[in-house]
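Chain residues, written in single-letter form:
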Amino acid sequence: MSDVAPRPLRADAQRNREKILTTAVRVFTTEGLDAHLERIAKEAGVGSATLYRNFPTREALVEAVYRNEVAHLCEAAPALLAQEPPVAALRAWTRLFLDYVTAKYGMIDALRAIAATGNSPYGHSREMIQAAITSLMDACTAAGAIRTDIRPTDVFAALEGIALTSAGTEHRPQAERLLDLVLDGLTVRP
């Protein structure tokens, strides 16, 4: 086993990889996993060879899409806190969580198949998401804007419950109403 870190991608190669991942999320979410990879390559504006060089199998693409979505979701927390008051940042982040769940829902069968082979596409995603929720709630607590008797694990469980019952774009309005209910119950009223 080599201790040498993989060479970073050239800027154009990184852009192509990001375009593929962004397009794949959209296509998998709307069409499911039977979507043709060549279509993803075409819509991303890259050749099939570029797609397969980055993601040699459908499973590799699905796993990379999932991991990328988790990373974007978790990276959004500090960015939102830098731009918005804490409660607004938490509210905006929960909407991003719904986007993440909708994308994951479109890929769930493939993710399960990958997990069944012994390769866990989930890795540390649960811990990463929990850390994002904790940072948002800590900022809200420091601002005196939310109740202190509710833990981040409670909010995560509520988000998971909403996701479980309201996954999919057709249920988005209901999911948003449920999020508002949870967040309104969390907020301290003067």
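The text that follows walks through the structure, step by step, so that each part is easy to find. On a predicted model such as this, the values are computed, not experimentally measured, just so you know.

## Some thoughts on the pattern of salt bridges
- Using the criterion set out here, one finds 11 salt bridges in the structure.
- Across the pair Arg91 and Asp184 runs a salt bridge whose closest N-O atoms are separated by 3.2 Å. One end of the pair, Arg91, is in helix α5 (residues 86–106); the other, Asp184, is in helix α9 (residues 172–186), with 93 residues separating them in the sequence.
- A relative accessible area of 26% means that Arg91 is categorised as partly exposed.
- One salt-bridge network, in which partners are shared between bridges, spans Arg91, Arg95, Asp99, Arg172, Glu176, Asp180 and Asp184.

## Considerations on helix α4 (residues 58–83)
- Here α4 is 26 residues long and its end C-alpha atoms lie 37 Å apart, about the 38 Å a rise of 1.5 Å per residue gives.
- A maximum bend of about 30° is found in α4 at Ala77, where proline Pro78 lies one to four positions downstream.

## Side note on α9
- Helix length check: α9 (15 residues) gives 21 Å between terminal C-alpha atoms against 21 Å at 1.5 Å per residue, within 8%.
- Of the residues making up α9, those classed as buried are Ala175, Leu179, Leu183 and Leu186. The arc that holds the buried residues of α9, viewed along the axis, is 70°, so those residues lie on one side. Of the exposed residues in α9, the ones pointing more than 90 degrees away from its buried face are Pro173, Arg177 and Leu181.

## Things to note about the side chain of Ser125
- As for its position among the elements, Ser125 is in helix α7 (residues 125–142).
- Within polar-contact distance, the side chain of Ser125 engages the side chain of Tyr66 at 3.0 Å.

## Remarks on the packing of α7 against helix α8 (residues 152–166)
- Packing of α7 against α8 brings their axes to within 9 Å, and their N-to-C directions diverge by 120°. Along this stretch, α7 crosses α8, giving a crossing that reads as right-handed. For the pair α7 and α8, the contacting residues are Arg126, Ile129, Gln130, Ile133, Thr134 and Met137 in the first and Pro152, Thr153, Val155, Phe156, Leu159 and Glu160 in the second.
- The class makeup of the residues in the contact of α7 with α8 is seven nonpolar, three polar and two charged.

## A few points about the packing of α4 against α7
- At a closest axis distance of 10 Å, the pairing of α4 and α7 adopts a crossing angle of 10°. Taken together, α4 and α7 sit at an angle that is classed as roughly parallel. The two elements α4 and α7 meet at a crossing, and its hand is left-handed. Across the interface between the two elements, Tyr66, Val70, Ala71, Leu73, Cys74, Ala77 and Leu81 of α4 pack against Ser125, Met128, Ile129, Ala132, Ser135, Leu136 and Ala139 of α7.
- Taken together, the residues of the contact of α4 with α7 break down into 12 nonpolar, two polar and no charged.

## Some points on the layout of surface pockets
- Its volume calculated, the second largest pocket comes out at about 150 Å³.
- Taken together, Val25, Glu69, His72, Leu73, Ala76, Leu96, Asp99, Tyr100, Thr102 and Ala103 make up the lining of the second largest pocket.
- Among the secondary structure elements, those contributing two or more residues to the lining of the second largest pocket are α4 and α5.
- Looking at which element gives the most residues to the lining of the second largest pocket, the answer is α5, with five residues.
- Partitioned by chemical class, the residues of the lining of the second largest pocket number six nonpolar, two polar and two charged.

Conventions and cut-offs
- Residues numbered from 1 in each chain as written.
- Predicted model: local features only at pLDDT ≥ 70, side-chain atom pairs only at ≥ 80, totals over all residues.
- Heavy atoms only, no water.
- Salt bridge = Lys/Arg side-chain N within 4 Å of Asp/Glu carboxyl O.
- Helix = DSSP H or I, 4+ residues; strand = E, 2+ residues; numbered from the N terminus.
- Buried < 20%, exposed > 50% of the residue type's maximum accessible area, 1.4 Å probe, protein only.
- Expected span 1.5 Å × (residues − 1).
- Bend = angle between axes of the 7 residues up to and from the residue.
- Arc of directions from axis to C-beta.
- Polar contact = N/O pair within 3.5 Å; in protein donor to acceptor, adjacent residues only side chain to side chain.
- Axes fitted to C-alpha atoms, helices over the stretch in contact; angles between N-to-C directions.
- Left-handed = near helix turned anticlockwise from the far one by under 90°.
- Contact = heavy atoms within 4.5 Å.
- Nonpolar A, V, L, I, M, F, W, Y, C, P; charged D, E, K, R; others polar.
- Parallel < 35°, antiparallel > 145°, perpendicular 65-115°, else oblique.
- 1 Å grid on protein atoms, 1.4 Å probe; cavity = no way out; pocket = protein on both sides within 12 Å on 5 of 7 lines; lining within 4 Å.
- Points joined across faces, edges and corners; volume = space filled by probe spheres on them.

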